Amino acid sequence: MKYIFMLIVALGSLFGADTYEKYDTKLPDMVMPDNNLSFAEIQDYQNYKIVATHFRNDKNELRYILANPIGYNALKNKLKVMPEGSKFVKIGWSVKEMTLFPSALEADKIQRVEYMVKDSKKFNHDGDNWGYARFVKSGEKYTPWMHGTQSCISCHIAAKDTDYLFTDLQSTF
Ligand code: HEC
């Protein structure tokens, strides 16, 4: 049995099992009511790199921020303004105590997937060039955030000096 396992591992590395398997989830077909940005705009976001983790005390929500390669490289190179095509995605989870170790919390249910995309041709709210979209999850179903994106724009203005991004690259070493 041991040898069969070793053979599988050896064959696996020959055929590229040392690379990560990709997600290929088909995202639901829906758009934001006010700016028409689709969920599919971030098709492949599960393969983006995580750049930061946040926790909102008041909402008791764990958040991962992921960036596509353009956004990731820009943050890593400390660019002041994110280039066209940068995409930042936030996934928000409710949290629950770990059954085996209740003083540890773990992610429970996804509550939203939202994003910002840099697209100067389509978006220019006071020079920001970001488009915003939020898709809210309830049970197994996603729906576009019905209140539109004006509140996103108004609040992200607080981060104007960092190109409307609150996120910076979280250190990992
Ligand atoms: C009341 C303020 C506020 C509003 C409204 C708001 N955001 Fe944010 N957003 C934040 C803060 C603070 C962070 C960083 C902390 C966190 O992740 O929660 C953030 C982070 C983000 C990020 C990760 C990149 C970054 O800037 O750090 C995305 C993507 C994002 N928000 C999208 C949206 C979208 C889409 C909407 C509207 C549907 C929205 N936000 C509305 C305050 C806000």
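Relevant structure appears above.
This is a predicted model, so every value here is computed, not measured. (Residues numbered from 1 in each chain as written. Predicted model: local features only at pLDDT ≥ 70, side-chain atom pairs only at ≥ 80, totals over all residues.)

Engineer: Would you take a moment to explain the environment of Val113 for this structure?
Structural biologist: Within the element layout of this structure, Val113 appears in strand 4 (residues 101-118). Each C-alpha atom, one on Val113 and one on Lys160, is 22 Å from the other, the two residues being 47 residues apart in sequence. Here Val113 is in contact with Val89, Ile91 and Phe135, once residues within four sequence places are set aside. (Helix = DSSP H or I, 4+ residues; strand = E, 2+ residues; numbered from the N terminus. Contact = placed C-beta atoms within 7 Å.)

Engineer: Can you help me understand the environment of Ile50 in this one?
Structural biologist: Tracing the chain through its elements places Ile50 in strand 1 (residues 49-56). Sequence separation between Ile50 and Tyr72 is 22 residues, and the spatial gap between their C-alpha atoms is 8.7 Å. Beyond its immediate sequence surroundings of up to four residues, Ile50 is in contact with Tyr64 and Leu66.

Engineer: I'm lost on unusual backbone geometry in this one. Help?
Structural biologist: The bulk of non-glycine residues show a negative phi, and the bulk of peptide bonds are trans. Its identity is not glycine, yet Asn36 carries a phi of approximately 70 degrees, on the positive side. Locating Asn36 in the fold gives a position in the loop between helix 1 (2-14) and strand 1. In the Ramachandran plot, Asp163 falls in the positive-phi region, its phi being about 55 degrees despite a non-glycine side chain. Assessed through the 18 C-beta atoms surrounding it within 10 Å, Asp163 is described here as partly exposed. (Buried ≥ 20, exposed ≤ 12 C-beta atoms within 10 Å, placed from the backbone.)

Engineer: I tried to follow the pairing of strand 2 (residues 61-67) on my own but got confused; where do I start?
Structural biologist: Residues in a regular strand point their side chains to alternate faces of the sheet. Note that strand 1 and strand 2 share seven bridges and pair antiparallel. Counted as the bridge partner of Ile50 is Leu66 from strand 2. Counted along the chain from strand 1 to the antiparallel partner strand 2, the turn is four residues long, and its residue Asn60 has a positive phi close to 50 degrees. Pairing of strand 2 with strand 3 (residues 87-98), which is carried by seven bridges, proceeds in the antiparallel orientation. Residue pairing across strands places Tyr64 opposite Ile91, the latter belonging to strand 3. (Pairing = 2+ DSSP bridges.)

Engineer: Help me understand the sheet that holds strand 1, please; the structure alone is not making it clear to me.
Structural biologist: Strands belonging to one sheet form pairs held by backbone hydrogen bonds; the direction of such a pair is parallel or antiparallel. Strand order in the open sheet formed by six strands is 1-2-3-4-5-6, with antiparallel pairing between adjacent strands. Looking along the sheet, the strands with just one partner apiece sit at the ends: strand 1 and strand 6 (141-144). Adjacent strand axes in the sheet meet at a mean angle of 30 degrees when their direction is disregarded. (Axes fitted to C-alpha atoms, helices over the stretch in contact; angles between N-to-C directions.)

Engineer: I'm lost on the site of the ligand in this one. Help?
Structural biologist: Near the ligand lie 21 residues; those nearest to it are Arg134, Cys152, Cys155, Phe166 and Thr167. Secondary-structure elements contributing two or more residues to the shell around the ligand are strand 1, strand 2, strand 3, strand 4, strand 5 (130-138) and helix 3 (150-156). Of all the elements, helix 3 adds the most residues to the shell around the ligand, at four residues. Its residues assigned to classes, the shell around the ligand shows eleven nonpolar, five polar and five charged. (Near = placed C-beta within 6 Å. Nonpolar A, V, L, I, M, F, W, Y, C, P; charged D, E, K, R; others polar.)

Engineer: Please clarify how the pairing of strand 3 should be interpreted in this entry.
Structural biologist: With eleven bridges connecting them, strand 3 and strand 4 associate as antiparallel partners. For Ile91, the partnering residue across the bridge sits in strand 4 and is Val113. Between strand 3 and strand 4, which pair antiparallel in sequence order, lie two residues.

Engineer: How should helix 2 (residues 69-76) be read in this particular structure?
Structural biologist: Note on helix geometry: an α-helix contains 3.6 residues per turn, so any two residues three or four positions apart are oriented the same way. Those residues of helix 2 not exposed but buried are Gly71, Ala74 and Leu75. Taken down its axis, helix 2 places every buried residue within 95 degrees of arc, on the same side. Residues of helix 2 that are buried make contact with strand 1, strand 2 and strand 3. Phi for Lys78, located one or two positions after helix 2, is positive at around 55 degrees. (Arc of directions from axis to C-beta.)

Engineer: Can you walk me through the nonpolar core in this structure?
Structural biologist: When a protein is soluble and globular, its nonpolar side chains tend to lie buried together. Membership of the largest hydrophobic core comes to 27 residues, with the highest contact counts inside it found for Leu66, Ala67, Phe88, Val89, Tyr115, Met116 and Ala133. Counting only elements with at least two residues in this core, the list comes to strand 2, helix 2, strand 3, strand 4 and strand 5. The contact partners of Ala67, leaving out residues within four places of it in the chain, are Tyr48, Lys49, Val51, Tyr72, Leu75, Lys87 and Phe88. (Core = buried A, V, L, I, M, F, W, Y, C linked by C-beta atoms within 7 Å.)

Read these as spatial facts, not as claims about activity.
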